[in-house]
Protein chains: 2
Amino acid sequence: MAKTADDTIAVRISKVLADRIISGAIEPGARLRQDHIAEEFQTSHVPVREAFRRLEAQGLAIGEPRRGVRVAAFDLGEVREVAEMRAALEVLALRHAAPHLTAAILNLAEEATKAGDKSRDVRSWEEANRTFHRLILAPCGMPRLITTIDDLHAASARFLFAAWRSEWEIRTDQDHRAILSALRQGNIESAAATLGRHVQWIGQKPVKTASGKMREAFAIVG
Amino acid sequence: MAKTADDTIAVRISKVLADRIISGAIEPGARLRQDHIAEEFQTSHVPVREAFRRLEAQGLAIGEPRRGVRVAAFDLGEVREVAEMRAALEVLALRHAAPHLTAAILNLAEEATKAGDKSRDVRSWEEANRTFHRLILAPCGMPRLITTIDDLHAASARFLFAAWRSEWEIRTDQDHRAILSALRQGNIESAAATLGRHVQWIGQKPVKTASGKMREAFAIVG
DNA sequence: AACAACAAAATTATCTATAATTTTAAACCA
DNA sequence: TGGTTTAAAATTATAGATAATTTTGTTGTT
């Protein structure tokens, strides 16, 4: 991840914690204890508290007054909610980005798609997927929209890792190719429609919980 | 405003500051100095810093490491951006809320519309307008979506107050009535389409700046 | 008068310490 | 045994103090 040295300590802590929450290293519902984290990062708890506020804003943690902060839990409803929000906002972003897309950008996006198809683990697949979406949406020139979409992507990745933690199978991404093809032909509406459907595709898989039981797990796969 | 006494001090401060920024009491670009604010609220600066992080997340303030926090500036591009994001997300919320809307809720929404038509100042008009939107969208059962829309409403209100600070003229809200009528008839698609158009309507007016010059001001009016 | 270098003041970011609250555990009684 | 009250420990939230950085003001020089 980005380790910009001139960041404030609070930002650095929030990035590390965000990565842990997204990757599933910290369980949903787990308490985040400020003194412990402060000790781990060799700081006082003041920057830790500021990091907490940042995580809350991203929807990765939930704080209750006087009783601390815990990792946000999530259920199928939230997976669906994030998927629908992404669909609505990414379609909006694509419509604005499309006029500014160059052949060079589309080629980079194609590279990202290939990298995704070749990846052997969820983590690298997710990164390639995120790169693809970021590449074709960034030129929209709407910073607030991009920030919101980024937070939703983080949530999506979290659901994905939770569902596919152990096993993982390769899928070649036809949707990405269809989107690129439509964009190259200048068919923005078709690209937007495919993107909207693509993001709302929700994968589903049985996984074992910590207690050894089987349950259905769901994740946004796109 | 809500003065929930059991809130943490940081939350209380952030609410007061948010209100000042939205109402225009603090100018865009103005620096927020933590020690001064801490003194005003009779606290130390630690809760003030946490309030700053919260304001940043809402897009109302911008912080740069080691050089403090300032009130977010905005231009026509951002007004448009917020309007489009609201259109996309409120339409999504309405589609999910519609099946759960009761006659009682729609009547309350009609009351809010009437209150808006009768209001003599921007502030009360904005409040009535926000109530209308909140009433018909809240039953969607998507908390993250509602939170995001609320932040966008705050931004909208900010633009509105900046544009119409001094003068204000009454407009009866035909869009709200059309939306209610469509919802009562169960015509969700028509209601959603009208809502989408409604939120994207951007008002425009010449206002005088602090330096006495005239400039064009723009605001989301819906 | 304009510009640069330097010094002083103000401000931010962080640390250490204290007060208040909640959680955990234990003891006690029905 | 089970539930309730009480006490102890842990944890959160805030205050006060310190170090580091930026901003501001002043002086000197061309």
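Notes on the structure follow. Keep in mind that what you see is a predicted model, and the values were worked out from it rather than measured.

**Quick notes on the protein's contact with DNA strand D**
Okay, so step 1: In the region of DNA strand D, 21 residues are neighbours, and H45(A), R49(A), R66(A), S44(B) and H45(B) sit closest.
Okay, so step 2: When atoms of DNA strand D within 4 Å of the protein are split into backbone and base, the sugar-phosphate part holds 78%.
Okay, so step 3: One of the backbone nitrogen or oxygen atoms of I9(B) is found 2.9 Å away from a phosphate oxygen of DNA strand D.
Okay, so step 4: Elements with a minimum of two residues in the surface near DNA strand D: β1 (31-32), α2 (34-40) and α3 (45-58) of chain A together with α3 (45-58) of chain B.
Okay, so step 5: At 3 residues, the largest contribution of residues to the surface near DNA strand D is made by α2(A).
Okay, so step 6: In terms of residue class, the surface near DNA strand D is made up of 4 nonpolar, 9 polar and 8 charged.

**Here's the deal with the sheet that holds strand β2 (residues 61-63) of chain A**
Residues and elements named next belong to chain A.
Okay, so step 1: Strand order in the open sheet made by the 3 strands is β1-β3-β2, with antiparallel pairing throughout. Edge positions in the sheet fall to β1 and β2, since each has one partner strand and no second.
Okay, so step 2: Sheet analysis places β2 next to strand β3 (residues 69-71), joined by 3 bridges and oriented antiparallel. What sits directly across from I62, in β3, is R70.

**Looking at the relation of the copies chain A and chain B**
Okay, so step 1: You can overlay chain A on chain B at an RMSD of 0.1 Å; the transform is a turn of 180° with a shift of 0.0 Å along its axis. On the angle and the small slide along the axis, the relation comes out as a two-fold axis.
Okay, so step 2: Both copies present the same face, since 100% of the interface residues in chain A are matched by interface residues at the equivalent positions in chain B.

**Focus on the pattern of salt bridges**
Residue and element names in this part refer to chain B.
Okay, so step 1: On inspection of all chains with the given rule, the structure shows 24 salt bridges over all chains.
Okay, so step 2: Here E40 and R20 are joined by a salt bridge, their closest N and O atoms 2.5 Å apart. Of this pair, E40 sits in helix α2 (residues 34-40) while R20 sits in helix α1 (residues 9-23); the two residues are 20 residues apart in sequence, bridging distant segments of the chain.
Okay, so step 3: You can call R20 partly exposed: its relative accessible area is 26%.
Okay, so step 4: The shortest N-O distance in the salt bridge between R177 and D117 comes to 2.8 Å.

**Observations concerning the side chain of R86(B)**
Okay, so step 1: Within the secondary structure, R86(B) is located in helix α4 (residues 76-97).
Okay, so step 2: Setting aside chain neighbours within four positions, we find R86(B) in contact with V91(B), H133(B), L152(B), H153(B), S156(B), V199(B), I220(B) and G222(B).

**Topic: the interface of chain A and chain B**
Okay, so step 1: Taken together, the contacts link 27 residues of chain A with 27 residues of chain B.
Okay, so step 2: Summing both partners gives a buried area of about 2,300 Å² for chain A against chain B, and 60% of it is carried by carbon and sulfur.
Okay, so step 3: Sorting the residues of chain A by area buried against chain B places E50(A), E81(A) and R144(A) first, and these three jointly supply 29% of that buried surface.
Okay, so step 4: One can count 4 salt bridges joining chain A with chain B.
Okay, so step 5: Applying the counting criterion to the chain A and chain B interface returns 12 residue pairs in polar contact (both at pLDDT 80 or more).
Okay, so step 6: When contributions to the side of chain A that touches chain B are tallied by element, the ones reaching two or more residues are α3, α4 (76-97) and α7 (143-163) of chain A.
Okay, so step 7: Classifying every residue of the side of chain A that touches chain B gives 13 nonpolar, 4 polar and 10 charged.

**Observations regarding the packing of helix α6 (residues 122-137) of chain B against helix α7 (residues 143-163) of chain B**
Residue and element names in this part refer to chain B.
Okay, so step 1: Remark: α6 packs on α7, axes separated minimally by 11 Å, with the N-to-C direction vectors making an angle of 160°. Between α6 and α7, the angle falls in the class roughly antiparallel. In this structure, α6 meets α7 at a crossing whose hand is right-handed. On the side of α6, the interface is formed by V122, R123, W125, E126, R130, H133, R134 and L137, while α7 contributes I146, I149, D150, H153, A157, L160 and F161.

Scoring rules and cut-offs
- Residues numbered from 1 in each chain as written.
- Chains lettered and ligands numbered in written order.
- Predicted model: local features only at pLDDT ≥ 70, side-chain atom pairs only at ≥ 80, totals over all residues.
- Heavy atoms only, no water.
- Near = heavy atom within 4 Å.
- Polar contact = N/O pair within 3.5 Å; in protein donor to acceptor, adjacent residues only side chain to side chain.
- Helix = DSSP H or I, 4+ residues; strand = E, 2+ residues; numbered from the N terminus.
- Nonpolar A, V, L, I, M, F, W, Y, C, P; charged D, E, K, R; others polar.
- Pairing = 2+ DSSP bridges.
- Least-squares fit on C-alpha atoms with pLDDT ≥ 70 in both.
- Contact = heavy atoms within 4.5 Å.
- Salt bridge = Lys/Arg side-chain N within 4 Å of Asp/Glu carboxyl O.
- Buried < 20%, exposed > 50% of the residue type's maximum accessible area, 1.4 Å probe, protein only.
- Buried area = accessible area lost by both parts, 1.4 Å probe.
- Axes fitted to C-alpha atoms, helices over the stretch in contact; angles between N-to-C directions.
- Parallel < 35°, antiparallel > 145°, perpendicular 65-115°, else oblique.
- Left-handed = near helix turned anticlockwise from the far one by under 90°.

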